[in-house]
Each structure stands twice: as structure tokens, then as C-alpha cells.
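Report on the structure
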Amino acid sequence: MMEKVEKASSDSSPLNLSKLLITLTSDVTSRVSFGRKHSNDASMSDFKNQVRKITELVGGFPVSEYIPCLAWIDHIRGLYDKAEQVSKNFEDLMDKVVQAHLEATDKPTKDFVDILLSFERQNKDGIEIRRSDIKFIILDMFLGGTATTNSLLEWTMTELIRHPECMKKLQDEIRGDAKNLILYISQEEVEDMKYLKAVIKEGLRLHPPFPLLVPRLLTEDVKLKGYDIAAGTQVIINAWAIQRDTVTWGMDAEEFRPERHLDSHLDFRGTNFEYIPFGSGRRICPGIGFAMALVEVTLANLVNRFNWRMDVRVSGDEYDLAEATGIDVCRKFPLIVFPSNA
Ligand code: HEM
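Residues numbered from 1 in each chain as written. Predicted model: local features only at pLDDT ≥ 70, side-chain atom pairs only at ≥ 80, totals over all residues. Heavy atoms only, no water.

Per an unreviewed UniProt entry, the chain goes by the name Cytochrome P450 and belongs to Arabidopsis arenosa. The UniProt entry for the chain carries the following comment under Cofactor (unreviewed entry): "heme". Comment text from UniProt for the chain, heading Subcellular location (unreviewed entry), reads "Membrane". (UniProt positions renumbered as here; feature names shortened; annotations may be inferred.)

**Re the environment of Ile161**
Looking at the secondary structure, you find Ile161 in helix H8 (residues 131-162). Filtering out sequence-adjacent residues up to four positions away, Ile161 remains in contact with Met167, Trp308, Arg309, Met310 and Val337. (Helix = DSSP H or I, 4+ residues; strand = E, 2+ residues; numbered from the N terminus. Contact = heavy atoms within 4.5 Å.)

**A closer look at the site of the ligand**
The environment of the ligand is made up of 22 residues, and the closest members are Gly144, Gly145, Arg216, Arg283 and Cys285. Here Arg216 contributes a side-chain N or O atom positioned 2.6 Å from an oxygen atom of the ligand. Backbone polar atom of Ser280 to an oxygen atom of the ligand: 3.4 Å apart, as the coordinates give it. At a threshold of 2 Å from the grid points, most atoms of the ligand map onto the largest pocket. Looking at the shell around the ligand, the elements with two or more residues in it are H8 and helix H14 (288-305). Per element, the largest residue contribution to the shell around the ligand is seven residues, and it comes from H8. A per-class count over the shell around the ligand returns 12 nonpolar, seven polar and three charged. (Near = heavy atom within 4 Å. Polar contact = N/O pair within 3.5 Å; in protein donor to acceptor, adjacent residues only side chain to side chain. 1 Å grid on protein atoms, 1.4 Å probe; cavity = no way out; pocket = protein on both sides within 12 Å on 5 of 7 lines; lining within 4 Å. Sits in = over half its atoms within 2 Å of the grid points. Nonpolar A, V, L, I, M, F, W, Y, C, P; charged D, E, K, R; others polar.)

**Here we look at empty space enclosed by the protein**
On inspection of all chains with the given rule, the structure shows one cavity of 30 Å³ or more. As a volume, the largest cavity reaches approximately 40 Å³. Forming the boundary of the largest cavity are Trp155, Leu206, His207, Pro208, Pro211, Trp240, Glu323 and Val329. In terms of residue class, the lining of the largest cavity is built from six nonpolar, one polar and one charged. (Points joined across faces, edges and corners; volume = space filled by probe spheres on them.)

**Focus on the nonpolar core**
In terms of nonpolar packing, the biggest core is built from 46 residues, with Leu17 and Trp308 touching the most fellow members. Elements with a contribution of two residues or more to this core: helix H1 (2-11), helix H2 (17-34), H8, helix H9 (164-175), helix H11 (194-206), H14 and strand E6 (306-310). At nine residues, H14 tops the list of elements feeding residues into this core. (Core = buried A, V, L, I, M, F, W, Y, C linked by side-chain atoms within 4.5 Å. Buried < 20%, exposed > 50% of the residue type's maximum accessible area, 1.4 Å probe, protein only.)

**A look at the packing of aromatic side chains**
Taken as a whole and assessed by the stated rule, the structure comprises four aromatic pairs. Taking 5.2 Å as the distance between ring centres and 65 degrees as the angle between the ring planes, the aromatic pair formed by Phe268 and Phe278 counts as edge-to-face. Here Phe268, found in the loop between helix H13 (246-249) and H14, pairs with Phe278, found in the loop between H13 and H14; they are 10 residues apart in sequence, far enough to count as distant. Site record: aromatic cluster; members linked through ring pairs are Trp249, Phe268, Tyr275 and Phe278. (Phe/Tyr/Trp six-rings, centres within 6.5 Å; stacked < 30°, edge-to-face > 60°.)

**Things to note about unusual backbone geometry**
The phi dihedral of Ser12 is positive, around 55 degrees, even though this residue is not glycine. When you line up the elements, Ser12 lands in the loop between H1 and strand E1 (15-16). The phi torsion at Lys225 lies on the positive side, around 45 degrees, for a residue other than glycine. A relative accessible area of 80% means that Lys225 is categorised as exposed.

**Here we look at the coordination of the iron atom of the ligand**
Among all protein atoms, only Cys285 (SG) binds the iron atom of the ligand, sitting 2.3 Å from it. Looking at the element boundaries, Cys285 is found in the loop between H13 and H14. (Donors = N, O, S within 2.8 Å, 3.2 Å for Na, K, Ca; no water.)

Set out below in C-alpha cells:
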């Protein structure tokens, strides 16, 4: 990735940063799950397309869920056919991945799929795992991990470029007093970077990648703030609105201001309901550590090595802040930037 940014910088050419970032998050997730990156592999780019289609379908509005007598509308829109087709394509792709792992018996290291297959064979530690479980666990990792992490990176970069004063403060923190530019910032080095962490928290607050979290179905009757909610009701939690509430965040809640996190006790690990980009409770995101490690190191390196600007557009903010549809909300239009060497 850094080589491509370096090239765009020396040619003074525009760079599609969104494309680079989704390739990075998919490659890192594939390395962990399949043992190698697949960015130049046709079947993997197909896999990415399937994942995008699934997130669009899951984030769509199935009329029948809310007004059952209008279920025919979903049929006419072809929602069920689309879901069936995506499910079949995904199943075929996963069969190929599993088959390739079963055939490669002499590999020196084991990846996530190998470990899951070994559980399937040995019924290890009393854990029973079936082939269909393996396919869905991998899908879960890709669905949960790639688009969300990409979305956080592209929105945080967007906000930093829109707020040069924050970008400068972050570059000062990362570059420190070093006389010569340090080429690579490691995970250990980002550990104490407080402003970097505040910038990422602010990106997550204004642009939670799953703005409506994942719907819940009540298992028992609940009384909440005077409302009676019956068992069986589907509840949608609007993290996007909660995280822009002026009562908690002040009158400048709509503004990108990382400083608000520097001495705030609010954290995203599920105990502060005012700030829940990863959800809360039993089904809280299990990938917080994975996502944070990747986002911190990527952002630190991009911002350390390069200065960034976007094209000035007549439509301005409307274009830069337009959101795509789907369960995860990334930018509607790719982030096109001009990097230059620091
Ligand atoms: C910035 C990055 C990420 C964000 C904002 C995010 C957010 C979320 C949210 C909101 C949920 C639903 C929680 C709930 O309903 O209470 C979730 C679930 C999940 N996430 Fe993440 N996630 C991120 C990265 C990751 C990564 C990197 C992985 C895996 C490598 C991952 C794997 C999962 C899985 C497997 C679930 C389902 C958990 C369950 O249902 O028990 N996520 N995530």
C-alpha cells in the first residue's frame, strides 16, 4: 500500500484511497483466515463483491419484516431471489477455499481455516464444529471485519483532511522531535499516542461503521422509559443518533473535535451506553482489538509519511460526506486524494 501512495506522491497524481484501504483490510483478514493475501486473485475479488452484496442486502429494508401483509413487495423487488443467489455464490466460493485447504497437507504454518478444520476432524475439547459452521465463521470475520475497518479508516482520513488543524496536531504527535523522517511506525510506537487514539475515537463517534448496530429480538416483555415493549419485538438501536446527541456530547456534537476524548471517561468497550460503536453486551464485537491495532498503525503510517489534500469540489461537503447504503456505512463516493511526501 505504501508503495502505491509513494508512487502517487512522486507523480503528483490522484489516488483512490478508498480502493487501497479496502484492499488492505481484505488482505489482512485473508492472511489471518486463509494464510495468504489474495488481492491479485480473481476468486478473492469475487469474494469481496459477494461480501459487499451481502452487506447491502442485510442493510436493506425488507418491507415484510415490518408490514407482513406487504411481503409481496419484497418478492416483486426480487429480494428473496437476490438473497438466494448471493448465498449460493458464497457457498461455492467457500467450498473452493475449504477444498484447497484440505488438499494442501504439507503447509509449514496453520491459518484460521486449518485450525477450524482440525476442530472439525478431532471434535477437539468437546467443541463440535461442522463444515457449514466453518463457512459461516469465516463469512462472519469478513463481514464483521473488512468493511467496518475500511469504513473507519476512510472516514477518519476524510475528516482529518477536512480539518487541517487536527491533521497537523496528529502529525506533530507522530513525527515528534525526530530530525529525519522515521519510515515505519510500529504497533509499540503507537501505544502512547493519545491524540491518535482520540482522532480514531472521534471518527468512530461521528461515523460508526454499523450505525444501527445489529437488530435484536426481545425474548421477554420490557418496560423502558414508560414504553411497554412486548417479547418478540425487533429492536433497532440507533448508535449514530446516540453518538451525536447534544445532551451527552455538547452543542458541537456534529463537529469533528478529537480533543473531546482527551479527558473523557467515555470508552467504546460497551459499558458507556452513550458511545457504542462496537455494540454492547454478550454480542459485543469480538474484533475490537484486531480493528484497533490495524487502524492505529495504518493511520499513523499514512499520516507520518505524507501530507494530504483532496480536490476542492463545487458541491463541497455534500459530496465528501455522502454515505453509501448497507448495514455498514462507508463513503458513497471513493476518497480521491493527492498525497505528497512530508
Ligand atoms: C472498526 C471496526 C469494527 C466495528 C465498528 C465493528 C462493529 C461491530 C458491531 C456494532 C457489532 C454488533 C454488536 C452488537 O450487536 O452489539 C459487531 C459484531 C461483530 N464483529 Fe465487529 N466491528 C469492527 C471490526 C471487526 C473485526 C476486525 C472483526 C473480526 C476480525 C469483527 C467481527 C465481528 C463479529 C464476528 C461480530 C458478531 C458477534 C456476535 O454476533 O456475537 N468486527 N461488530
